[in-house]
Structure formats: C-alpha cells, structure tokens
Amino acid sequence: MINKKKLSALLLSGAMLMSMNTPVFAQTAGDDGILQGGTEDAPVKLEITKDFQFAEGLDIPTVQFDFEAIKITADAPSATIASVNYSNADNKGQVSDGKYTVSKNAELTFDSEFPHAGIYEYTIKETLGGITGIGYDTSEYKIKVHVANKTTMDGATYVKAIVAQDKDTNEKKTIKFVNTYTKNSNLIIEKQVEGDLGDLTKQFDFKITLKKSVSSTDSTFTGQITRVNGTTEQIQFTNDQEKSFKLAHGDRLEIQNLPVGTTYEVIEVGAEDGYTPKVTVIENSVKTVDNHGVNEKDDVSSKTTEKNNLVGEKENKVTFVNEYRDVSITGIITNNLPFILLIGLGVCGFGTLAILKRRKSV
C-alpha cells in the first residue's frame, strides 16, 4: 500500500501539473510571472491592453476605441469594457524602430452579480470602426470566468479566476488589441540658381534614396519632375535603391503619397563648374538642415548626421541653391579679387625695393 507521505506527494504533483497550463488573470502577478487567482476580499479582475502604433512623424489622432463582451452562457450577467481614448495630449514616449507605441488599459466589469457558482463564458472583441487611416484589430478571445461560493455559503459569490483563449484555442495570459495609424504626405525637392552670370538652363545632377516607413508595405514610389517651362516627367523609385535625376533652376521633383515615416537622403553631385552649393531641409514643417558646401567639387547631402531625413505629415521640402561666382569683364573672378590685389601689392613692393637698391649702388 502507498503510505500517506507518498500519497500526499502524488496528489501535490498532480495538482501542480493540472495548474501549470491554466493561465488566470488577476490584479497582480507572482514573481514567476504566473498570474494568480482571486480571493473573496480581492476577486480577480481582467484588464484589456490596447496598443496604438504609428510611425515617427505623426501626431496622435483623436480617436476612441470600443470593445464588446458578448456572453455565451445564457444566465451570465452582461459585461462591459470601458472605451479607450487617444489624443495629441497623450505622451508618445520614445520612438523604437521608427514607430511609437502608446499603451493603455481598460477593465472588464460585470453589470450585476453572478446568479450562482460555476463557469461562465464570454467572447471579447474590438468594435470595428471606419476612421480613415486606422487599422482595427480583428482578434477574438473566449474567456471562462470561474465563479466560486464565498465561505458564508449564503449564495454570495466571487470571481476566483479568468482563463482566456484566442480563436485557435491557445491559452493567453493577457488580452491585447493592437491598432495602427497611417497617413500619407508629400516630399518636394526644388532647385535654384543665384548669381548675375548663373546659367538658369544648366541641369545639375542629383541622387536620392528612399527607405519606406515601418508601417508601409509599398516598395515602389512615383514622383513627377515639373520643369520651369511647364513640361513634366514621371520618375519611379524603388525602396532603398539609389535613383539619379537632374534639376535646373526653377525645376522641382514632387513625390506624392509617401507614407509618413518614410526616410530619405538627397545628394547634389559635386562638379567643378564654378557653382557653390547649399541646401536647406524642412521636415514636418520644421527647418532641420542648413548645410553649405565648402568646395564646389564635393557632394552636398540633405542630412548632416548619420540619420536620414524624415517625411512627416506636414510640409517636407528640400531646397538646393547654387551660387555662381561672379566674373568681371576683364575675366578676373571677383571672389578672388582681394587676393589678386594683395599679390599685386606684393609685386609692386618688391619692384620698389629693387629700384631703390639699384639707385644706392650707382
């Protein structure tokens, strides 16, 4: 016969094995990460987690997310889940991998007492809305609410545990709905030439690399070059691949419907042509770059750090300006005139000293 000690050990082991795969929701979690069941004084409560994700460059829109708790057990009391609201007043936190995630919680509450002890089933899902740019979560969860009698045995009950499963019957410790927000914007790249003798018809060489937003599935983009004479050209871009194009004074390249969060770098290719380049960048209506070229033969980039420029939901514009070095009628470059004068004065000085020295030796 099995003695009492061995029997107790077997019963304890069986109980532990039966409880290992039963996730329960509670107000607090144990040190091992397993959520503990409720008591008469602290019945278990279920919180719904809402994650709202959107790309860098977007403001948080004003939006409300609603949920449904549909009872499956006929005599179960009705249940409700509070709405979750977002607005631009919320703290976005830190950007991670090009996107923000703002998390909030909503509690499941029961509208009345449970009629008796037992297990009550509900389906929990998000109410699908129709707000443009919002991606809704179609996940569904089934929860089993374990209701126990209180020790008073007078018919009073409490929620001892809540077990959740997803639609594939996988047991879950948390119920989470993830929503996304996307929006498109435009990017403009324009060219200007300065200087009285600047050639307004000269085309300058450019290169651009676009990297798609983390929230985008598109790998190709379309832009249009509008020349100063009114003619237009279509140009295609592929994600993370360099593309070359040309712009003259008054020309502009506009890339429409870029997902906000797209990043890019534009480079004007350097050339020894007498033009000194500079570039200014407006990202999401904020001037972020004012970069002046040092040597005309050097490339000039739209970024000043290792981080690419960002397409935000507001204005995005890159302006390259090339100033032509003025040349006088005699052919002397006016920018170098002070140095030429200094050299001339030096030559005159040496000539004067030579003449004086010669006179003394006569």
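Located above this text is the structure these notes cover.
In this text, all values refer to a predicted model and were calculated from it rather than measured experimentally.

### Concerning the packing of aromatic side chains
The final tally for this structure, using the stated rule, is 16 aromatic pairs. Aromatic pair Phe-52 and Tyr-86: ring centres 4.9 Å apart, planes at 55°, arrangement tilted. Of the two residues, Phe-52 sits in strand S1 (residues 46-55) while Tyr-86 sits in strand S5 (residues 84-86), which places them 34 residues apart along the sequence. For the residue pair Phe-52 and Tyr-86, the accessibility class agrees, reading buried in each case. Each ring, one from Phe-110 and one from Tyr-122, has its centre 5.7 Å from the other, and the planes form 50°; the classification is tilted. Remark: Tyr-122 occurs in strand S7 (residues 118-126) and Phe-110 occurs in strand S6 (residues 99-110); sequence separation between them is twelve residues. Phe-110 gets classed as partly exposed once you look at its relative accessible area, which sits at 23%. Of the aromatic side chains, those joined through ring pairs into one cluster are Phe-52, Phe-54, Phe-65, Tyr-86, Tyr-100, Tyr-136 and Tyr-181. It is Lys-50 that lies over the ring of Phe-65; its NZ or CZ is 4.5 Å from the centre.

### Some remarks on the sheet that holds strand S18 (residues 252-259)
Taken in spatial order, the seven strands of this open sheet run S16-S15-S18-S13-S24-S20-S21, and their pairing is mixed. Among the strands making up the open sheet, the edge pair consists of strand S16 (232-238) and strand S21 (286-292). Put simply, the sheet's adjacent strands are angled 20° from each other on average, direction ignored. In terms of strand pairing, strand S15 (residues 220-226) meets S16 through seven bridges, oriented antiparallel. Bridging from a neighbouring strand, Gly-223 pairs with Ile-235 of S16.

### Overview of the pairing of strand S19 (residues 263-268)
Most of S19 is tucked away: five of the six residues are buried. Pairing of strand S14 (residues 204-211) with S19 involves six bridges; the strand directions are antiparallel. Note on S19: the bridge partner recorded for Phe-206 is Glu-268. In this structure, S19 lies alongside strand S23 (residues 309-310), joined through two bridges in antiparallel fashion. Directly across from Tyr-264, in S23, lies its bridge partner Asn-309. Strand direction decides the pairing type here: S19 and strand S22 (residues 300-301), joined by two bridges, are antiparallel.

### Some points on unusual backbone geometry
In this model, Thr-169 sits at a positive phi of 65°, which is unusual for a non-glycine residue. For Thr-169, the location among the structural elements is in the loop between strand S10 (157-166) and strand S11 (171-172). For Thr-169, a relative accessible area of 55% gives the class exposed. One non-glycine residue, Asp-240, adopts positive backbone phi at about 65°. Note that Asp-240 resides in the loop between S16 and strand S17 (243-247). Classification of Asp-240 as partly exposed rests on a relative accessible area of 45%.

### Quick notes on the sheet that holds S6
If you trace the five strands from one edge of the open sheet to the other, you get S4-S6-S1-S12-S8, paired in mixed fashion. Bordering the open sheet on either side are strand S4 (79-81) and strand S8 (134-135), each of which pairs with just one other strand. Bridge count between S4 and S6: three bridges; the pairing is antiparallel. By the bridge assignment for S6, Thr-80 is matched with Thr-109.

Each value, and the rule that gives it
- Residues numbered from 1 in each chain as written.
- Predicted model: local features only at pLDDT ≥ 70, side-chain atom pairs only at ≥ 80, totals over all residues.
- Heavy atoms only, no water.
- Phe/Tyr/Trp six-rings, centres within 6.5 Å; stacked < 30°, edge-to-face > 60°.
- Helix = DSSP H or I, 4+ residues; strand = E, 2+ residues; numbered from the N terminus.
- Buried < 20%, exposed > 50% of the residue type's maximum accessible area, 1.4 Å probe, protein only.
- Lys NZ or Arg CZ within 6 Å of the ring centre and 35° of its normal.
- Pairing = 2+ DSSP bridges.
- Axes fitted to C-alpha atoms, helices over the stretch in contact; angles between N-to-C directions.

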